Amino acid sequence: MHEFSIVQSLLQIVEEHARREGAKEVSKVVLRVGVLSGVEVPLLETAFNTFKEGSVARNARLVIEVEKLRLKCSDCGRESEKEELNALCPACGSLNTQVVGGQDLLLKSLELGIE
């Protein structure tokens, strides 16, 4: 369950940003989670709600935006977003594709309470 260690690292980053900005609390944390990131969203939410207690993010709401798989086809040149988790180009059926999105975990934004 690497989601626990991800959340521990995330909360360290949140604490650093809050401290640097002079924030007394964080009210919202927005993450983008790619479908190929290996992160289980329900486990991430559980870990966040468990570990946020006692931190500057104790009252924060976690918003997770799931990023679909994005491929670039080297044969037809199209970039496509897909629901299916395979490397087939939906436009031409080629397997000569490259993953260009959907594999990252990104802290997109924080809502800070600054006094």
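As a starting point, this report considers the structure included with it. What you see is a predicted model, and the numbers here were worked out from it, not measured in a lab.

### Examining helix H2 (residues 41-51)
- Three or more residues of H2 are buried, namely Leu44, Ala47 and Phe48. Looking straight down H2, one finds its buried side chains confined to an arc of 100 degrees; they lie on one side.
- Here the buried face of H2 lies against helix H1 (3-21), strand E1 (23-34) and strand E2 (61-67).

### Describing the side chain of Lys52
- Along the chain, the position of Lys52 falls in the loop between H2 and E2.
- One buried charged residue, Lys52, remains without a salt bridge, the closest side chain of opposite sign being Glu53 at 5.2 Å.
- In contact with Lys52, not counting residues within four places along its chain, are Leu11, Ala57, Arg58, Asn59 and Ala60.

### A word on the nonpolar core
- Val14, Val26, Val29, Leu31, Leu44 and Phe48 are the most contacted members of the largest nonpolar core, which totals 20 residues.
- Elements that contribute at least two residues to this core include exactly H1, E1, H2 and E2.
- Examining the composition of this core, we find that six residues originate from one element, H1, more than from any other.
- The contact partners of Val14, leaving out residues within four places of it in the chain, are Val26, Val29, Val56, Ala57 and Leu110.

### Observations regarding the side chain of Glu3
- For Glu3, the position within the fold is in helix H1.
- The side chain of Glu3 sits in the buried core without any salt bridge; Arg32 is the nearest counter-charge, 17 Å away.
- Not counting chain neighbours up to four residues away, the residues in contact with Glu3 comprise Gly38, Val39, Glu40, Leu43, Leu44 and Ala47.

### Some points on H1
- Over its 19 residues, H1 extends 27 Å from the first C-alpha to the last, a length consistent with the 27 Å expected when each residue adds 1.5 Å.
- Those residues of H1 not exposed but buried are Glu3, Ile6, Val7, Leu10, Leu11, Val14 and Ala18. Each buried residue of H1 lies within a common arc of 130 degrees when the element is viewed along its axis, so the set occupies one face. Opposite the packed face of H1, turned more than 90 degrees from it, sit the exposed residues Gln12, Arg19 and Arg20.
- The inward-facing, buried residues of H1 contact E1, H2 and strand E6 (105-114).
- Just downstream of H1, Gly22 is the residue with a positive phi angle, here 75 degrees.

Cut-offs applied
Residues numbered from 1 in each chain as written. Predicted model: local features only at pLDDT ≥ 70, side-chain atom pairs only at ≥ 80, totals over all residues. Heavy atoms only, no water. Buried < 20%, exposed > 50% of the residue type's maximum accessible area, 1.4 Å probe, protein only. Helix = DSSP H or I, 4+ residues; strand = E, 2+ residues; numbered from the N terminus. Arc of directions from axis to C-beta. Contact = heavy atoms within 4.5 Å. Lys, Arg positive; Asp, Glu negative; His and termini not counted. Salt bridge = Lys/Arg side-chain N within 4 Å of Asp/Glu carboxyl O. Core = buried A, V, L, I, M, F, W, Y, C linked by side-chain atoms within 4.5 Å. Expected span 1.5 Å × (residues − 1).

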